[in-house]
Amino acid sequence: MNKTTDPHTRTEIRDRMRITWHQTITMDDGVTLRADVYRPVDESARCPVILNYGIYGKGVAYQQGYPLQWEKMVTDHPEILKMSSNKYQNWETTDPECWVPHGYAIVRIDSRGAGWSPGFMDPASPREIDDLYQCIEWAGTQPWSNGKVGMLGISYYASNQWRVAGLDQPPPHLAAIIPWEGQNDRYRDSGYHGGILCEFQKRWAKHQVVHVQYGRGAHAAKNPNTGESIAGPVTLTEAELAKNRVDAFEELKKHPFFDDWHKSRTANLSKVRTPLLTCANWGGQGIHPRGNFNGFTETPADTPKWLEVHGDSHWSVFSNGYGLDLQKRFFDCYLKGDKSAWEKQPRVQLNIRHPGEKFVLRHENEWPLARTQWTTFYLDAASQTLGTQPGAHETRVTYEAMGKGITFTTAPMNQDTELTGPMMAKLFISSATTDADLFLIVRVFDPQGKELTFMGSTDPNTPIANGWLRASHRALDPAKSLPYRPYHPHDKAEPLTPGEVYECQVEIVTSCIVVPKGWRVALTVRGCDYEYEGELAEFAKKFHYGTRGTGGMTHNDADSRPADVFGGSVTLHAGGAREAYLLLPVIPAK
């Protein structure tokens, strides 16, 4: 084992890898971040680098830190147990044992204030992107580096890829990115769905963040590979720890509009020129897929870019054989220069979703699909149906403003019908109060009336698609809106006059389902979160993000939704001069 003058940094040969624990990387303000570096044993090797920078603790063993997710993943994808010893598996990052023998170096960096990196913990802050830039440049200029750095990771480790690649001057050594299930608009993707505060960050901080803060020291879990604390060599008091971190959810609550704070945490996709493979999950809904799809459509047309979409959980496909093959071929092309690995890859790779957790691989040339038949289903408030013709006369139906709302249903499909792509709805509403929160759910029911749900990214009972809108945020940005995707600036509130009717266009997150002949599609409009009403499996009962279909993305904060404003009743108006509808992307066979 080789030691440096730093008391914690050391290098050893283990499991056919040269591993440096707690490598120091000093930032421009003097703060020293810590990284674990895995690379080939041969010191003369010059390797492309795969880098992660994030908050979850580089020393946390996947199996110990995330046991429910680990067990589900290896049960559903047992090949993962054979791909390596799995001793170095770490949440939402890649397995070094799958890459180092293939000629890559893996660099895992604890972000400022997390794990072994001291400093103030401010998740997703601009300071983190400054740090990330410097870490990329450090990795690209090491004597064991070939000068090409790629980024690969899920969620937190994906979102910051969009942001650093979208800087006015991105890191010169950043050569390719694979943002796997990663948002890029902190307001619309996850913070405020349609202007409605999401409580995800409150759960997230409790379950995934505070226990890996730097300074937990002796009170934290141990890294099974080193025997050391996962959260630094010092032990601070609870009061000291609290002073060294921001309360992410309370800070989010201070910014109900898309202001400069949100903008500083949102990627500028128009500036992303780095070659990219964006990987989305049909079942992500309230957190990441919107960002992955927009990352494909809103980056410059001449950016080398590919889109892949899958189902299953947030973490499994990333680590299975399918995911690893995709990642290796892309990075072999852009980090090693092996164009043969990727030159035949179609621009779009979709896993088309069918009932029964069945997915069929299909390749396409563009997104949204050029052959999409945008099909309008009109609401009839009297019969609570969805029809292909608008009603001649206006109908209306009223529901409790914070209640379960109304479900509109199509006739049974007369043939198997594929829905793949963006969706939206136009509603006409009146409220008994000065505002209303609209929760829209696209659903599918079998001939017996049983609802179809899937294993989504973070919930085992995820419906087909969701959309949200706070009615006072109904204003549109005409320059950014598309016929199938309304875009709301969310820069001010425009209260309702009770009893008056207002048009509200609602973005519904992109999804995919092949609806069998005889099954029905439905749209539920309600005043609260979707809740799956069927029997829950054991995983759904135990998983902390299992919230009966919303995956932890709930919207029940009393400060954000006071009953005197969001209670009362809402009336939906449809037909006549008010053509309320659901727009669906019907895909004909090739």
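Residues numbered from 1 in each chain as written. Predicted model: local features only at pLDDT ≥ 70, side-chain atom pairs only at ≥ 80, totals over all residues. Heavy atoms only, no water.

**Q** Help me out: how do you make sense of the overall build of the protein in this one?
**A** Looking only at helices and strands, the protein has 15 helices and 25 strands in total. Taken over the C-alpha trace, the protein has a radius of gyration of 24 Å; the compact-globule value for 590 residues is 25 Å, and the two agree within 12%. Taken over the C-alpha atoms alone, the protein extends approximately 80 × 55 × 45 Å along its principal axes. Here the analysis covers contacts within the protein between residues at least 6 apart in sequence; of these, 75% occur between residues at least 24 apart. A total of about 21,600 Å² of accessible surface is found on the protein, and carbon and sulfur atoms cover 50% of it. Considering the protein, the positive charge centre built from 63 side chains and the negative charge centre built from 69 side chains are found 3 Å apart. (Helix = DSSP H or I, 4+ residues; strand = E, 2+ residues; numbered from the N terminus. Rg over C-alpha atoms; globule rule 2.2 N^0.38 Å. Contact = heavy atoms within 4.5 Å. Areas by Shrake-Rupley, 256 points an atom, 1.4 Å probe, with all protein chains shown as cover. Lys, Arg positive; Asp, Glu negative; His and termini not counted. Charge placed at Lys NZ, Arg CZ, Asp CG, Glu CD.)

**Q** Honestly, the side chain of glutamate 451 in this entry has me stumped. Any pointers?
**A** Inspection of the secondary structure puts glutamate 451 in the loop between strand E20 (437-445) and strand E21 (465-470). What makes glutamate 451 buried here is its relative accessible area of 14%. A distance of 3.0 Å separates polar atoms of two side chains, one belonging to glutamate 451 and the other to tyrosine 530. Not counting residues up to four positions away in its chain, the partners in contact with glutamate 451 are Arg443, Val444, Phe445, Pro463 and Tyr530. (Buried < 20%, exposed > 50% of the residue type's maximum accessible area, 1.4 Å probe, protein only. Polar contact = N/O pair within 3.5 Å; in protein donor to acceptor, adjacent residues only side chain to side chain.)

**Q** Looking at this structure, how should I read helix H13 (residues 321-334)?
**A** Residues three or four positions apart in an α-helix share a direction because the helix packs 3.6 residues into each turn. Spanning 14 residues, H13 covers 20 Å between terminal C-alpha atoms, matching the ideal 20 Å at 1.5 Å per step. Regarding H13, the residues found buried are Gly323, Leu324, Leu326, Gln327, Phe330, Phe331, Asp332 and Cys333. Of the residues that open H13, the one with a side-chain oxygen 3.1 Å from the backbone nitrogen of tyrosine 322 is asparagine 320. (Expected span 1.5 Å × (residues − 1).)

**Q** Would you mind showing me how to read the packing of aromatic side chains here?
**A** Geometrically, a pair of aromatic rings is defined through the distance of the ring centres and the angle of the planes. The final tally for this structure, using the stated rule, is 32 aromatic pairs. Ring plane angle 75° and centroid distance 5.2 Å describe the contact between phenylalanine 330 and tryptophan 342, whose orientation is recorded as edge-to-face. Here phenylalanine 330 is found in helix H13, whereas its partner tryptophan 342 is found in the loop between H13 and strand E13 (348-354), with twelve residues between them in sequence. Residue tryptophan 342 is classed as buried on the basis of its relative accessible area, which comes to 2%. For the ring pair phenylalanine 539 and phenylalanine 543, a centre distance of 5.0 Å and an interplane angle of 25° mean the geometry is stacked. For the pair formed by phenylalanine 539 and phenylalanine 543, the shared burial category is buried. Of note, lysine 305 hangs over the ring of phenylalanine 296, and the distance from its end group to the ring centre comes to 5.5 Å. Here the basic side chain of lysine 328 rests over the ring of tryptophan 99, its NZ or CZ set 5.9 Å away from the ring centre. (Phe/Tyr/Trp six-rings, centres within 6.5 Å; stacked < 30°, edge-to-face > 60°. Lys NZ or Arg CZ within 6 Å of the ring centre and 35° of its normal.)

**Q** When you look at the packing of helix H4 (residues 126-140) against helix H5 (residues 156-165) in this model, what are you seeing that I'm missing?
**A** A pair of packed helices is captured by two measures, namely the crossing angle of their axes and the spacing between those axes. For the pair H4 and H5, the least separation of the axes is 10 Å and the interaxial angle reads 80°. When the axis of H4 is compared with that of H5, the two are roughly perpendicular. For the pair formed by H4 and H5, the contact residues are Pro126, Glu128, Ile129, Leu132, Tyr133 and Ile136 on the first element and Tyr156, Asn160, Arg163 and Val164 on the second. Grouping the constituent residues of the contact of H4 with H5 by class yields seven nonpolar, one polar and two charged. (Axes fitted to C-alpha atoms, helices over the stretch in contact; angles between N-to-C directions. Parallel < 35°, antiparallel > 145°, perpendicular 65-115°, else oblique. Nonpolar A, V, L, I, M, F, W, Y, C, P; charged D, E, K, R; others polar.)

**Q** Looking at this structure, how should I read the environment of phenylalanine 377?
**A** Mapped onto the fold, phenylalanine 377 is located in strand E15 (residues 373-380). On the basis of relative accessible area, phenylalanine 377 is assigned to the buried category, the value being 11%. In this structure, the C-alpha to C-alpha distance between phenylalanine 377 and threonine 388, residues eleven residues apart in sequence, is 5.0 Å.

**Q** Can you walk me through the nonpolar core in this structure?
**A** Generally speaking, a soluble globular protein has its nonpolar side chains buried in company with each other. Of all hydrophobic cores here, the largest spans 55 residues; its most connected members are Trp99, Trp204, Trp315 and Phe331. In terms of residue count, H13 provides more of this core than any other element does, five residues in total. Formed by 45 residues, the second largest nonpolar core is a distinct cluster that contains Leu379, Ala381, Leu438 and Val515. (Core = buried A, V, L, I, M, F, W, Y, C linked by side-chain atoms within 4.5 Å.)

**Q** What is the right way to read helix H7 (residues 200-209) from this model?
**A** Along H7, the residues that are buried comprise Phe200, Gln201, Trp204, Ala205, Gln208 and Val209. The arc that holds the buried residues of H7, viewed along the axis, is 125°, so those residues lie on one side. The elements touched by buried residues of H7 are H5, helix H6 (186-191) and helix H9 (248-253). (Arc of directions from axis to C-beta.)

**Q** When you look at the pattern of salt bridges in this model, what are you seeing that I'm missing?
**A** Side chains carrying opposite charge are able to pair once their charged atoms draw close together. Applying the stated criterion across every chain, the model contains 38 salt bridges. We note a salt bridge from arginine 290 to aspartate 189, for which the minimum N-O separation is 2.8 Å. Taken together, the residues arginine 290 in helix H11 (residues 289-297) and aspartate 189 in helix H6 connect sequence positions 101 residues apart. Judged on exposure class, the residue arginine 290 and its partner aspartate 189 are both buried. With a closest N to O distance of 2.8 Å, glutamate 418 and arginine 362 form a salt bridge. With a gap of 56 residues between them, glutamate 418 in strand E19 (residues 417-431) and arginine 362 in strand E14 (residues 358-364) connect regions that are remote in the sequence. Taken individually, glutamate 418 and arginine 362 each receive the classification buried, so the pair is uniform in this respect. Connected via shared salt-bridge partners are Asp28, Asp29, Arg112, Arg127 and Asp131. (Salt bridge = Lys/Arg side-chain N within 4 Å of Asp/Glu carboxyl O.)

**Q** What is the right way to look at the environment of tryptophan 99 in this model?
**A** Relative to the elements of secondary structure, tryptophan 99 occurs in the loop between helix H3 (80-83) and strand E6 (105-110). A relative accessible area of 0% means that tryptophan 99 is categorised as buried. A sequence separation of 49 residues divides tryptophan 99 from isoleucine 50, and the C-alpha atoms of the two residues are 9.0 Å apart. The contact partners of tryptophan 99, leaving out residues within four places of it in the chain, are Ile50, Thr94, Tyr104, Ile106, Leu152, Leu324, Gln327, Lys328 and Phe331.

**Q** What is the right way to look at the side chain of arginine 353 in this model?
**A** Relative to the elements of secondary structure, arginine 353 occurs in strand E13. Within the buried core, arginine 353 has no salt-bridge partner, and the shortest N-O distance to an opposite charge, that of glutamate 357, equals 6.7 Å. A distance of 2.9 Å separates the side chain of arginine 353 from the side chain of serine 511, its partner in a polar contact. In this structure, arginine 353 is in contact with Trp282, Gly283, Lys358, Phe359, Phe454, Ile464, Ser511, Cys512, Ile513 and Val514, ignoring residues within four places of it in sequence.

**Q** Help me out: how do you make sense of the environment of isoleucine 352 in this one?
**A** Residue placement: isoleucine 352 occurs in strand E13. Assessed through its relative accessible area of 3%, isoleucine 352 is described here as buried. In sequence terms isoleucine 352 and serine 511 are 159 residues apart; their C-alpha atoms lie 9.8 Å from each other. Excluding residues that lie within four positions of it along the chain, isoleucine 352 makes contacts with Lys358, Phe359, Val360, Arg362, Glu418, Thr420, Cys512 and Val514.

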